Amino acid sequence: MALLHRSWRRWPPVVACHITHTPAWITAALRARVVGLLDADVYGPSIPRMMNLRGNPELTNSNLMRPLVNFGIVCMSMGFLVEEGAPVVWRGLMVMSAIERLLRQVDWGQLDYLVIDMPPGTGDVQLSISQNIPISGAIIVSTPQDIALLDAQRATEMFRKVNVPVLGIVQNMSVFQCPKCKYESHIFGADGARALAAKLALDVLGDIPLHLKIRETSDKGQPIVISHPDSSEAKAYLRLAAEVIKRLPTPCVSSG
């Protein structure tokens, strides 16, 4: 399993869906593998919209929930269990119970990889997952902004304390290029995530630009690696996927 930790809430799991936002960066590079995506953001699930999935999971004869599937990715999210836009007003124990259900009471089948998109922070969700299931590695996603990098550093130290390997840092929204004049602007600062990676002795797994097409395609449930696979933005996710895969254990060959 690979954890994807976001240190800045306002860019929804786009990297997650493109590792998980369509688990694109992992999934597009793993066409021959069976990949699952767990949206562990109980309070603000966004994977259903980004993966263009709606509806309630069916139950198996064993009373397990069947994940929903799109783009070949097996997905489970709290967003399938509540109305879109409905608030989840729960305290810690209820959140931990929900995470346990999403992990243990789902018919995941035979997966090669399970990518877990986690919310920002170092609270109940992060600890519950990190301490109760085997994790191959965590990926820290952050903008270059100083405020976001503080959360990224806290997340890194938390994972280290619970003995979860940190595979590296992704610098998200690293640069904006004007579509008219092509001038590049570092709206959130330049190379802040790279500086933090050097400080924490971590690898930089990749840079993802701030681009209108990424936002538009994610909102439409057509991630850019699917809808515009030859674009430079999609290729940035694919390069990122390749870097992640190199750092993960090779899965056993799926049977059947």
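Just so it is clear, the model here is predicted, and its values are computed rather than measured. Counting from 1, residues in each chain are numbered in the order their sequence is written. The predicted nature of this model means local features are confined to residues of pLDDT at least 70 and side-chain atom pairs, given and counted, to a pLDDT of 80 or more, with totals for whole chains, interfaces and linings taken over all residues. Where side-chain values are given, they derive from all heavy atoms of the structure, hydrogens and water being excluded.

Student: Looking at this structure, I do not really get the layout of surface pockets. What am I missing?
Tutor: Left-over empty space is what a probe sized like a water molecule reveals as it rolls over the atoms. Cavity and pocket criteria rest on a 1 Å grid covering protein atoms alone: a 1.4 Å probe that fits but cannot get out defines a cavity, protein on both sides within 12 Å along at least 5 of 7 lines defines an open pocket, and an atom within 4 Å of a point defines a lining residue. Grid points are joined across faces, edges and corners, and a volume is the space filled by probe spheres set on the points. Computed from the structure, the largest pocket encloses a volume of approximately 480 Å³. Taken together, 21 residues form the lining of the largest pocket, with Pro45, Pro48, Gly79, Glu84 and Gly85 sitting closest to its centre. Throughout, the ten residues Ala, Val, Leu, Ile, Met, Phe, Trp, Tyr, Cys and Pro are labelled nonpolar, Asp, Glu, Lys and Arg are labelled charged, and all others, Gly among them, are labelled polar. Here the residues of the lining of the largest pocket are counted per class, giving 10 nonpolar, six polar and five charged. A volume near 260 Å³ is recorded for the second largest pocket. Lining of the second largest pocket is provided by 18 residues; of these, Val175, Pro209, Ser232, Glu233 and Ala236 occupy positions nearest its centre.

Student: Would you mind showing me how to read helix H8 (residues 212-219) here?
Tutor: Note on helix geometry: an α-helix contains 3.6 residues per turn, so any two residues three or four positions apart are oriented the same way. Three labels apply to residues, based on accessible area from a 1.4 Å probe with only protein chains included: buried if under 20% of the type maximum, exposed if over 50%, partly exposed otherwise in between. Going along the chain from the N terminus, every DSSP run of H or I of four or more residues is numbered as a helix, and every run of E of two or more is numbered as a strand. Taken together, the buried positions of H8 are occupied by Ile214, Thr217 and Ser218. Buried residues of H8, viewed axially, fall in a sector of 100 degrees; they line one side. One or two steps after H8, the chain reaches Gly221, where phi turns positive at roughly 75 degrees. The arc under discussion is defined with respect to the helix axis, by the directions toward the C-beta atoms.

Student: Where do I start with the confidence of the model for the protein chain in this structure?
Tutor: Detailed reading of the predicted coordinates is not advisable wherever pLDDT is low. In this model, the protein chain carries a mean pLDDT of 85, and residues with pLDDT of at least 70 account for 85%. What pLDDT reports is the predictor's confidence in each residue, on a scale of 0 through 100. By the convention used here, residues are in contact when the closest approach between their heavy atoms is within 4.5 Å. Per-residue pLDDT stays below 50 along residues 8-12; that stretch engages in 19 contacts with residues further than four places along the chain or on separate chains. A low-confidence stretch, residues 20-30 stays under pLDDT 50, and its non-local contacts, those more than four residues away or across chains, total 68 contacts.

Student: Just checking my understanding: could you explain the nonpolar core for this structure?
Tutor: Side chains of nonpolar character tend, in soluble globular proteins, to be buried together. Definition used in this section: a nonpolar core is a set of buried Ala, Val, Leu, Ile, Met, Phe, Trp, Tyr and Cys residues joined via side-chain atoms within 4.5 Å. Counting residues in hydrophobic clusters, the biggest one holds 49 residues, and the most contacted among them are Leu38, Met76, Trp108, Ile116, Ile129 and Phe159. The next biggest cluster of nonpolar side chains, apart from the first, holds 16 residues, and it includes Val141, Val225, Leu240 and Leu248.

Student: Looking at this structure, I do not really get the pairing of strand S8 (residues 166-177). What am I missing?
Tutor: For a regular strand, side chains alternate in direction, first toward one face of the sheet and then toward the other. Burial analysis of S8 places 10 of its 12 residues in the buried class, which makes it a mostly covered element. Here S8 pairs with strand S10 (residues 204-210) via five bridges, running parallel. In the sheet register, Ile169 faces S10, and the bridge partner there is Val204. Summarising the sheet, S8 and strand S9 (residues 184-185) pair through two bridges and their orientation is antiparallel. Note on S9: the bridge partner recorded for Phe176 is Ser185. Here, strands pair whenever DSSP counts at least two bridges between them. Taking the residues between adjacent antiparallel strands as the criterion, S8 and S9 are bridged by six residues, where Lys182 takes a positive phi near 70 degrees.

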